[in-house]
2 protein chains.
Amino acid sequence: MTPQDHLTNQHAGALEDLKTFLNIPSVSTQPERRQDVQRCADWLKTRFENAGLEHAEVIQTAMHPIVYADWLHAPGAPTVLLYGHYDVQPAADTEHWVSPPFEATVREQRIYARGASDMKGNVHAMIRAIEALLETTRSLPVNVKFLIEGEEEIASPSFPAIAKQERERFKADYCICADSLQLSEHEPMLVLSTRGVVGFELTVTGARIDLHSGLQGGVVMNPLVALARVVASFHHDDGRIAVDGFYDQVIDIPAQTRALLARTAPSEASRLEALGVPALWGEAGFSAAERSTLRPTLEPNGLWGGYQGAGNMTVIPSQAHLKVTCRIVPNQDPAHILECLRRHIEQHTPPGVTIHATYGGDTPAYHVPLEHPAHRVIAAVLRELYGRDPVPSHQGGTVPILPMLQRHLGVTSLAFGFSLPDDQYHAPNEFWRLSSFHRAPLAFVRLLEELGRLEPTNQNG
Amino acid sequence: MTPQDHLTNQHAGALEDLKTFLNIPSVSTQPERRQDVQRCADWLKTRFENAGLEHAEVIQTAMHPIVYADWLHAPGAPTVLLYGHYDVQPAADTEHWVSPPFEATVREQRIYARGASDMKGNVHAMIRAIEALLETTRSLPVNVKFLIEGEEEIASPSFPAIAKQERERFKADYCICADSLQLSEHEPMLVLSTRGVVGFELTVTGARIDLHSGLQGGVVMNPLVALARVVASFHHDDGRIAVDGFYDQVIDIPAQTRALLARTAPSEASRLEALGVPALWGEAGFSAAERSTLRPTLEPNGLWGGYQGAGNMTVIPSQAHLKVTCRIVPNQDPAHILECLRRHIEQHTPPGVTIHATYGGDTPAYHVPLEHPAHRVIAAVLRELYGRDPVPSHQGGTVPILPMLQRHLGVTSLAFGFSLPDDQYHAPNEFWRLSSFHRAPLAFVRLLEELGRLEPTNQNG
């Protein structure tokens, strides 16, 4: 029996197994979910052992554990680190979910659950690939190390310390990052870059208590007005970010890359249709494809203050709050951007209020050239699976682990995952297609077979 | 026994009785409190009957009832309408209350509860005054009609229809509005004007679902940015409202009134200290006293959108929301102001989003000249009680019923109430001083005695 046959035979049981994995609400950002995150790590360790992996271990960190397992019986073959995460985004707005976010449900050839696409489905597919190879061939074409973390959705704060501590255990020739996309159900892609992220939170304080807007209206700077003025100061009318120094380190997009994006990215008409907005908007001089991949952004993620209930409450609130994240691009230094933001906020604090700011995030962008040898292997596997050449692409999202693996373990990571852009990750009704569920483990089997033909890099040697 | 002696004797029982009144959570803006509002109206009706009033009735309206009672056995004497409200502001932020908002508690010579100062304390004082006069003299110096409504905190929407229907029953020579202030514990005042109010709510919509700020960041107008830009457009940097036509109908403040305000209003230093702000802020060219009384304002009361929880959620929200109220001054037409706001919002809607706006409120400002005969009576009573002349004053708050009583019943209302500016109404830990609790019923007894010396105006005759 081939590994492929094994995967086909195991289909129904594997789907139930994935549901079990999805139904654990491993939301890393919510302190009340900490036990669930731990439970999910324990579940993974057992799953690794059942797949035939060795040295499975839940490695505790300062916050959420990393789950490790390996199979190291292919002397002379490269060692491949398989990276993923088992934590998921929150799903607070349950009223917008057709089925509950942590009760995985199959409808119309899709499996709906928080984390289905981002990225428990892909983690599960890697395990199934290993299991199929070990069950049918009693061996693997490469040495394999799984590193599945529980803090990706909160920017992997514990990772650097663990990487330092476990540098020997984690070392590898190549890293495959399965927290990644294909272009569509029928079009594969190669990921050449991802954006970095930094962020800040502001609390604007006016009077020490909420005031009556009749008695005190007109007397003080309203914290909501102050915060609105700060937010309005971040962009010029033409969409350029108005923070001094923000663009200092940004590299011009090469003409060849602009042409690639123009040729491969969704049209503006299809974006308008997909998003349901009356018009696109953003930095002047760049296409939507460029703005969402190789140009930096500044986006408020939350803003609130005052009365939000039904009816009226005529207050001038004492405080107003803001959460912002910025996506940054290759060559932008996170520390420099945070310093620019700090100066901007200081200079744009309106009179009559104080602003308390906290700054965070030090994830730079990540870039691997098209010419990397593992990219050639990945392209060949994708061509075989999809019957067409993969599209080289630049990603707007952030995978903090990619620059971290480079910085702390010295290993280059390549993106190879089977989520699709419309899978509603980070939004209500996240799903993963059953077509991806079928294709992903087959792809990982073929990838490992092909990586087995490469030389070890000895870069960690 | 004099009415004054009677009030002194009844002190302890009256305080318990007021607590019972305060403990009914008659929040008119919250639909889930509707039964509590009704219960409060029923309680008042019984209280009127126990005080010796006649024809007590809970008059149902489209929303919350009006409670009426009268005593009409003083032929030849004027008829005085005693206006108040038994509804209160919400108290949603219970974590900021030292004692629960609907469990009235006496601490440090103050009674703490939502509605203690605004204005159940004053309503209760009027009833005690009538009770004391009837118990001790078996008569009243004037004809009295109580009109206590349950919708003041939501701008009295049902009042016009009821006033039309009950025009005969409610007609009077003078109206005393007890929803009013004195300047401080030791300084009385006369209220010459109150501001009106109009308002609007906006919902800004971008994409049809929340977007991932990595994948779509930079592509669309973020509804939070759009809303911030709208809010920032409402004021010039110097605090003037930037809405075209907003100031068209505003009358210049007479030099004499500016001098009065400069002489009588709190100093800017004492305002800074009381409010705890680093600086005052508002319309250039006017003092804080002027800005909070005879100049119009535009104040956001609530603004929200996106993620408000702990940690990060990197979304571009689909929607953002805003609640605003404007205070308007004598001669400003509410409909004109709403039209100016509508035009401004249309003209300042950023590209890439749609804005749904709802507009409401048609309460103009109110003004009664210092020379009105009842003002002379009120001044004399206050002088007697406080040992000093009352300060003529202009109020920043809104009492929608004052222009409504004028428009619908043709009766001029005069403010006579015993709340104090620092009583924290509309904020956590609202209280009423026991000194006000003692003084208020004595004041109403003397006011009715003195009003008995005036001629009926026959204005309703």
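Residues numbered from 1 in each chain as written. Chains lettered and ligands numbered in written order. Predicted model: local features only at pLDDT ≥ 70, side-chain atom pairs only at ≥ 80, totals over all residues. Heavy atoms only, no water.

1. Details of the sheet that holds strand 5 (residues 110-112) of chain B
Residue and element names in this part refer to chain B. If you trace the 3 strands from one edge of the open sheet to the other, you get 4-5-18, paired in antiparallel fashion. The strands lining the two open edges of the sheet, one partner per strand, are strand 4 (105-107) and strand 18 (431-433). Here the strands of the sheet are splayed against their neighbours by 25° on average, with no regard to which way each runs. In the sheet, strand 5 pairs with strand 18 via 3 bridges, with the strands oriented antiparallel. Pairing of R110 across the sheet is with R433, part of strand 18. In this fold helix 4 (residues 116-137) packs onto strand 5 and strand 18, with an angle of close to 45° to the strand it touches most, strand 18. Along the sheet face, helix 14 (residues 434-451) touches strand 4, strand 5 and strand 18 and points at about 65° away from the line of strand 18. (Pairing = 2+ DSSP bridges. Helix = DSSP H or I, 4+ residues; strand = E, 2+ residues; numbered from the N terminus. Axes fitted to C-alpha atoms, helices over the stretch in contact; angles between N-to-C directions. Contact = heavy atoms within 4.5 Å.)

2. Looking at the interface of chain B and chain A
Every contact between the two is made by 80 residues of chain B and, on the other side, 81 residues of chain A. For the chain B and chain A pair, buried surface summed over both sides reaches about 7,100 Å², with 55% attributable to carbon and sulfur atoms. On the chain B side of the interface with chain A, the three residues burying the most area are R229, L275 and W281 of chain B, jointly 10% of the side's total. If you look at where chain B meets chain A, you find 2 salt bridges. Salt-bridge contacts for D237 of chain B lead to R229 of chain A; the nearest nitrogen and oxygen are separated by 2.3 Å. (Buried area = accessible area lost by both parts, 1.4 Å probe. Salt bridge = Lys/Arg side-chain N within 4 Å of Asp/Glu carboxyl O.)

3. Focus on the packing of helix 12 (residues 373-386) of chain B against helix 14 of chain B
All names here are of chain B. One can describe the packing of helix 12 onto helix 14 by two numbers: an axis separation of 10 Å at closest approach and a directional angle of 140°. When the axis of helix 12 is compared with that of helix 14, the two are oblique. In the packing of helix 12 onto helix 14, the handedness of the crossing is right-handed. Contacts between helix 12 and helix 14 pair A374, V377, I378, V381, E384, L385 and Y386 from the former with R439, L442, A443, R446, L447, E450 and L451 from the latter. Considered class by class, the residues forming the contact of helix 12 with helix 14 number 10 nonpolar, no polar and 4 charged. (Parallel < 35°, antiparallel > 145°, perpendicular 65-115°, else oblique. Left-handed = near helix turned anticlockwise from the far one by under 90°. Nonpolar A, V, L, I, M, F, W, Y, C, P; charged D, E, K, R; others polar.)

4. Points about the relation of the copies chain B and chain A
Superposition record for chain B on chain A: RMSD 0.0 Å, screw rotation 180°, translation along axis 0.0 Å. Expressed as a symmetry operation, the mapping of one chain copy onto the other fits a two-fold axis. Both copies share a contact surface, since 100% of the interface residues of chain B are interface residues in chain A too. (Least-squares fit on C-alpha atoms with pLDDT ≥ 70 in both.)

5. Some details on the environment of D70 of chain A
Residues and elements named next belong to chain A. Mapped onto the fold, D70 is located in strand 2 (residues 66-71). Between the alpha carbons of D70 and L338 there is a distance of 39 Å; along the sequence they are 268 residues apart. Every residue in contact with D70, bar those within four places of it in the chain, is listed here: L53, E54, H55, V144 and K145.

6. Here we look at the pairing of strand 2 (residues 66-71) of chain B
All names here are of chain B. In terms of burial, strand 2 is largely enclosed, as 6 of its 6 residues are buried. Neither face of strand 2 is open: one carries I66, Y68 and D70, the other V67, A69 and W71, and all of them are buried. Pairing of strand 1 (residues 54-59) with strand 2 involves 4 bridges; the strand directions are antiparallel. Paired with V58 across the two strands is V67, which belongs to strand 2. Hairpin connection between strand 1 and strand 2: a loop of 6 residues separates the two successive antiparallel strands. Relative to strand 6 (residues 143-149), strand 2 runs antiparallel, the two being bridged by 5 bridges. Each residue of the ladder has a partner; that of V67, found in strand 6, is I148. (Buried < 20%, exposed > 50% of the residue type's maximum accessible area, 1.4 Å probe, protein only.)

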